[in-house]
Every structure is written in structure tokens, then in C-alpha cells.
Amino acid sequence: MRLIVEQSAYSGVIKIAEKVAKDAELVTGRKTEYLAAENITEDMLRVPDELTVVAATIGKSAVLEKEEIRRRIPLDQIEGKRECYCFAFPEKKDSENPHLLVIAGSDKRGTIYGLFHLSEQMGVSPFVDWCGIKPCHRDKIILAWDMKCVSKEPSVEYRGFFINDEWPAFGNWCMHHFGGFGTDMYEHIFELLLRLKGNYLWPAMWTSSFSLDGPGFDNAKLADEYGIVMSNSHHEPCLRHSEEWDLVRGEDSIYGNAWNYDRNKEGLTNYWRDGLKRNGKLENIITMGMRGERDSEILGHSATLKENIDYLKEVITTQNQLIKECVNEDLDQVPRMLALYKEVEAYFHGDENTMGLKDWKELDGVTFMLCEDNFGNMRTLPTKENRDRKGGWGMYYH
């Protein structure tokens, strides 16, 4: 088998194509010819008795602009859609088995999912890297005409996981094998996520800072290269990691020393602004709101429901202004999320005397992430009346 991509392809697509070429080697035991070509010629596409696979993305591919290719590929069924791919055989159906497969993606993740779909068709498990599951041996890889397909758009836009409570198991594994929480480790996390057709991650956060440990910014750059949408947990607003606060806080710091917006407005505003400037132009979902340090209530048990709600309104109003300033003036173009975890759920619903955050217009475009109580119990799910709200809904499930 020969696997070809164009040099003009997204760098993340090129890297994933290399992994799929290695998948083919695992299956057959023979080296797979892999090529990132500056220009894919007709001769490269039509090698007698040679199985050729071309992977390309709409808008990033000269091959997909060729008229004879476009006529035989249903690009119109994926163009303009999110994370879709098609398997197409441009040759005329005049042989038992086709010799040319084109994997076309509607966008970067669509092409990556299409490549990993090929791996699955070869018998390679999505857990081949993470769990070391080896595929069954095949003497050669054969394509079949009935492999042609057009994928649907994912029904859930963001799908992923949170590396939660990472010590002792995950943390010890990271330190033993990789010396920390850098790109050597996250490379495996990203691969697993993409093989499972996911796209969204909350990184480990107890004793690490994703955007500092790459080393430096390398973790965030690698995530963006692969098309991983990054976010932060329920108490890490504005693209800053919880462990970062202890590194920069202080009486003489521009960020101040109090994790309290009433007492440290200027410092926390500076802190959030710098997080948005650093990460805001990458693909993220920005966590909104504020909880106390170390997973606690921000105002404590003595504060009333109204005081907590008013406090969060002031915080979120400031955060929205910072996002306009640092990321995009049009807030509707910036994915944002409020996690309704623990006490925040009460602030969301309010009571008969106090309007909750759920009815506050400032949150219209923000995704409400529902959370269970750590034991699988949910207070509510989106109702028929509100499930189509502009910001949509999410689920954080332990």
C-alpha cells in the first residue's frame, strides 16, 4: 500500500497519515510506502497493481481541485460541513478491487477521522497505542468497492474527556515514562482522542499547567496542530490553569495575592487578560465564572444566594469584556462554557426570590455544562422548551 498526502496539507494531517502508515505496517509486517508530495501527479495516482491511498482536505488540496477527481468524488455531500469525510474510488468500476482510494475531509479533523477510519477498516483498534492492542496479521491490505462512504456530522459538537484526579495513577505514569506532563506524553493522549473521533480535552491540573509544561507553550501548539479543542475545568477561568495562580500571585505581583474578585479586581482582570492573550487565538472553549481555590465555594457558606449570583454576574461581565478585547469582538464567535458544578448549580437555578443565572441574557451564547453530583445523580436535563438555546448544553459526567 502507498499512502500519499500533499505537502500543503495541515501539518497535523501529515503527522496522522504517518501513524496510519505505521498501522498498515503493523497489519502486514511490511513497510508501507508513505509520501508527503509537493505535487501529486497522474502517474503517482495510477500505478499498476499498486494500492494507493490519497488523503486530502477541501480547501487545502490541489488534487481535490482536479476536475476528473471532483467528478467522481461526492465532495458536495461534505463541503461546508463539520468534521466529515468521504471514502471515494475515482476509478471506473472495472476490476474486482479498486486500486485508488481518496479520503477527502471537509476540514482538518474530518481528514484525520477519515484516516483513522481506514486504520479501523484494516483491523486496527483505536486503542492500538494506548493499550498496546495489536491487529491480526494480514498478508496484504485489500480495498473493496463497498468501503465507499460519506460520514455524518457528529451529533455532539465537542466530545472528549477530563484527566481528573490524576494522582497517583496517571501522574506516576507520566513521571515514570515521560518525566512530566509535556508533549511526549500528550502526543499519546491526542492520538487516543482522535482515534476515538473525539476533539475536546480538559488537561491534568492538580500539579501541572498545560500551557507551561510542554516545555513552554509546546503542549498548546501541539493540541492546535492536531485539531484538539482545549478547555479548562470548572474552576479554571479564561484559559489559565489552577496551578499557574500560585506561580504568579503575590503582594508585589501585578496579579495581586487574593483569589477574590471583590478584593482584587485589577489583579484578577490582569491575570485573565494575559491568559486570553496567550491562548485565545488557538481553538478553545473558554471556561467562564469563578469558584474558590482548591475546588471550594468562592464566598463561603455565610454568603447569601443573591450575593453569590451578583458576584458571578460581575465576574462574567468582566470576562466577556476581556474576551471581546483579546479574542474576538463578536462573542458569538467564541465558544464559552459555564460548568454548573456543585454550588454553582444553585446559582444557576436561583429560587423563588432570586433570579438564577439561567435567565441572565449575558449568558445567552455560553454553553451550560450540566454536571452530576459525583455519584451519577442529575438535577435536570435540558427540557423541550430550552434545549435549542443559542449557547447549547454540555454534560460533565464522572
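Everything below is about the structure shown above.
Analysis parameters
Every residue gets a number counted from 1 within its own chain, in the order that chain's sequence is written. Local features in a predicted model are, by the rule used here, given only for residues with pLDDT of at least 70; side-chain atom pairs are given and counted only at 80 or more, and totals for whole chains, interfaces and linings are based on all residues. Side-chain measures here rest on the full set of heavy atoms in the structure, leaving out hydrogens and waters. By nonpolar core is meant a set of buried Ala, Val, Leu, Ile, Met, Phe, Trp, Tyr and Cys residues that side-chain atoms within 4.5 Å join together. Summary of the burial criterion: residues with accessible area below 20% of their type's maximum are buried, those above 50% are exposed, and those between are partly exposed, where the area comes from a 1.4 Å probe applied to protein chains only. Secondary structure is summarised from DSSP: a helix means a run of H or I of at least four residues, a strand means a run of E of at least two, and numbering begins at the N terminus for each. Pairs were defined over the aromatic rings of Phe, Tyr and Trp, the Trp ring being its six-membered one, requiring ring centres within 6.5 Å. Orientation was assigned from the angle between planes: stacked under 30 degrees, edge-to-face over 60, tilted for the rest. Remark: a charge is flagged as sitting over a ring if the NZ atom of Lys or the CZ atom of Arg is within 6 Å of the ring centre and within 35 degrees of the ring normal. Note: two strands are recorded as paired if DSSP finds a minimum of 2 bridges between them. We call a crossover right-handed when, viewed with the strands running away from us, the connection from the first strand over the helix to the second turns clockwise. One fewer than the residue count of a helix, multiplied by 1.5 Å, yields its expected span. A contact between two residues is defined here by any heavy atoms of the two lying within 4.5 Å. Note on geometry: axes are C-alpha line fits, over the in-contact stretch for helices, and angles between N-to-C directions span 0 to 180 degrees. Pairs of N or O atoms are called polar contacts if they sit within 3.5 Å, as long as, within protein, a hydrogen donor faces a hydrogen acceptor (for residues adjacent in sequence, only side-chain-to-side-chain pairs). For salt bridges, the criterion is a side-chain nitrogen of Lys or Arg within 4 Å of an Asp or Glu carboxyl oxygen.

Further remarks concern the nonpolar core. Counting 51 residues, the largest nonpolar core has Leu115, Leu118, Tyr186, Phe190, Leu201 and Ile228 as the members making the most contacts within it. With eight residues, helix α1 (residues 11-28) is the single largest residue contributor to this core.

Under the defined criterion, the tally for this structure stands at 23 aromatic pairs. On the numbers, 5.0 Å between centres and 70 degrees between planes, the contact of tryptophan 245 with tyrosine 271 is edge-to-face. With tryptophan 245 in helix α8 (residues 242-248) and tyrosine 271 in helix α9 (residues 265-279), this pair connects stretches of sequence that are 26 residues apart. For tyrosine 271, a relative accessible area of 1% translates into the label buried. A centroid spacing of 5.7 Å and a plane angle of 50 degrees characterise the contact between tyrosine 341 and tyrosine 396, whose relative ring orientation is tilted. Residue tyrosine 341 is located in the loop between β11 (336-340) and α11 (343-349), and its partner tyrosine 396 is located in strand β13 (residues 393-396); the two are separated by 55 residues in the primary sequence. Accessibility expressed as a relative area gives 7% for tyrosine 396, which makes it buried. Through successive ring pairs, a cluster of aromatic residues spans Trp130, Trp167, Phe170, Trp173, Phe178 and Phe181. One cation-aromatic arrangement involves arginine 240 over tyrosine 255; the distance from NZ or CZ to the ring centre is 5.7 Å.

With five bridges joining them, strand β1 (residues 2-6) and strand β2 (residues 33-37) adopt parallel strand pairing. Residue pairing in the sheet places glutamate 6 in a bridge with alanine 37 of β2. Read from β1 through α1 to β2, the crossover connection turns out right-handed.

Let us look at helix α6 (residues 183-195). Along its 13 residues, α6 runs 18 Å from first to last C-alpha, staying within 8% of the 18 Å computed at 1.5 Å per residue. The buried fraction of α6 amounts to eleven of the 13 residues, a majority that puts the element mostly inside the structure. Among all positions of α6, only Thr183, Met185, Tyr186, Glu187, Ile189, Phe190, Glu191, Leu192, Leu193, Leu194 and Arg195 are buried. Looking at the buried residues of α6, the elements they touch are α1, α4 (108-121), β7 (160-162), α5 (169-178), β8 (200-202) and α7 (218-226). Just downstream of α6 lies lysine 197, where phi reads positive at about 65 degrees.

Turning next to the sheet that holds strand β4 (residues 85-88). Paired through backbone hydrogen bonds, the strands of a sheet run either parallel or antiparallel to each other. Read from one edge of the open sheet, six strands run β2-β1-β3-β5-β4-β6, paired in mixed fashion. Looking at which strands have only one partner, the edges of the open sheet turn out to be β2 and β6 (149-150). Taken together, the six bridges between strand β3 (residues 52-57) and strand β5 (residues 100-105) define a ladder with parallel strand orientation. Bridge pairing links valine 54 to valine 102 in β5. The sheet strands contacting α1 are β1, β2 and β3, and the helix crosses β1 at an angle near 175 degrees.

If you trace the backbone, arginine 195 turns up in helix α6. Looking at arginine 195, the relative accessible area reads 4%, which means it is buried. Polar contacts involving the side chain of arginine 195 include one to the side chain of aspartate 23, which spans 3.0 Å.

Between its first and last C-alpha atoms α1 spans 26 Å; for 18 residues at 1.5 Å apiece the expected length is 26 Å, and the two agree. Three or more residues of α1 are buried, namely Gly12, Val13, Ile14, Ile16, Ala17, Lys19, Val20, Ala21, Asp23, Ala24, Val27 and Thr28. Positive backbone phi, approximately 80 degrees, marks glycine 29, located one or two places after α1.

Our next topic: the pattern of salt bridges. A full pass over the atoms with the stated rule returns 28 salt bridges. Glutamate 83 is the salt-bridge partner of arginine 159, the closest N and O atoms lying 2.8 Å from each other. Of the two residues, arginine 159 sits in the loop between β6 and β7 while glutamate 83 sits in the loop between α3 (67-70) and β4, which places them 76 residues apart along the sequence. Across the pair, glutamate 83 and arginine 159 agree in class, each one buried. Note that arginine 294 is salt-bridged to aspartate 246, the shortest N-O span being 2.8 Å. Taken as a pair, arginine 294 in the loop between β10 (286-287) and α10 (305-326) and aspartate 246 in helix α8 lie far apart in primary sequence, 48 residues in all.

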